[in-house]
Amino acid sequence: MQTLTIVGHVGNDAEVKDLGTTQVINFSLAVTEKIKNENVTTWYKCAYFSNNVAIAPWLTKGSLIGLTGKPEIEIYKTGQGETKANLKCIVANIKLYSSTKERTAPQQPTQQDPAPVRQPMDNKAPTQKEEEPDDLPF
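Just so we're clear, the structure is a prediction, and the values are computed from it rather than from any experiment.

## Brief notes about unusual backbone geometry
Phase 1 of the analysis: The backbone of Lys36 sits at a positive phi, close to 50°, despite the residue not being glycine.
Phase 2 of the analysis: With respect to the helices and strands, Lys36 occurs in the loop between β3 (23-35) and β4 (38-50).
Phase 3 of the analysis: The phi dihedral of Asn37 falls on the positive side, at around 60°, and the residue is not glycine.
Phase 4 of the analysis: Residue position: Asn37 is located in the loop between β3 and β4.

## Here we look at the side chain of Ser28
Phase 1 of the analysis: Take Ser28: it is sitting in strand β3.
Phase 2 of the analysis: Side-chain polar atoms of Ser28 contact the side chain of Asn12, separated by 2.7 Å.
Phase 3 of the analysis: Sequence-distant contacts of Ser28, defined by excluding residues within four places in its chain, comprise His9, Val10, Gly11, Asn12, Trp43 and Tyr44.

## With respect to a nonpolar patch on the surface
Phase 1 of the analysis: A surface patch of nonpolar side chains, about 310 Å² in accessible area, is lined by Ile73, Ile75 and Leu87.
Phase 2 of the analysis: Among the structural elements, Ile75 can be located in strand β5 (residues 64-77).

About the criteria used
Position numbers for residues count from 1 along each chain, tracking the sequence in the order it is written. Residue-level local features of this predicted model are given only where pLDDT is at least 70; pairs of side-chain atoms are given and counted only at 80 or more, and the full residue set underlies all totals for whole chains, interfaces and linings. No hydrogens and no water enter the side-chain calculation; it runs on all heavy atoms of the structure. Helix and strand definitions follow DSSP, with helices as H or I runs of at least four residues and strands as E runs of at least two, each counted in order from the N terminus. Distance and chemistry together define a polar contact, namely a pair of N or O atoms within 3.5 Å, with one atom able to donate a hydrogen and the other to accept it when in protein, and with adjacent residues in sequence counting only for side-chain atoms on both sides. It only takes one pair of heavy atoms within 4.5 Å for two residues to be counted as in contact. A residue counts toward a patch only above 30% relative accessible area and without a salt bridge, and it is joined to like-charged neighbours within 9 Å or, for Val, Leu, Ile, Met, Phe, Trp and Tyr, to nonpolar neighbours within 5 Å. The Shrake-Rupley method, run with a 1.4 Å probe sphere, supplies the accessible areas, and residue values consider only the shown protein chains as cover. The term salt bridge refers to a pairing of a side-chain nitrogen on Lys or Arg with a carboxyl oxygen on Asp or Glu at a separation within 4 Å.

That's the geometry; what it means functionally is another story.
In structure tokens, the structure reads:
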């Protein structure tokens, strides 16, 4: 069996389709490499069949992911009779490296910030207590 391992950027937000007994996540993946001082991009149509599609919201346009799966070539004819081919991958595993959600989501504090400590106006340490004179007129 052939295994394809690639790392690239998601080309479009993932779409989830319910097939009755399972679900499929469809998305495209762009893999760019430098060949002779020129960037060459190869596109893959990816399909991830699973009953757990919780990863789908993280597969957004621009996310950097790695995946392994089975490579396939889809050959088809256009309306003008031209023969074309798509590179496909039937995905077995996905690893997220970065997500556009991570880049755009506001940072959530892990714990509540402590209340600010008030500093005295003079240079006395906050733990020092001023002594009151005993001879107060009231």
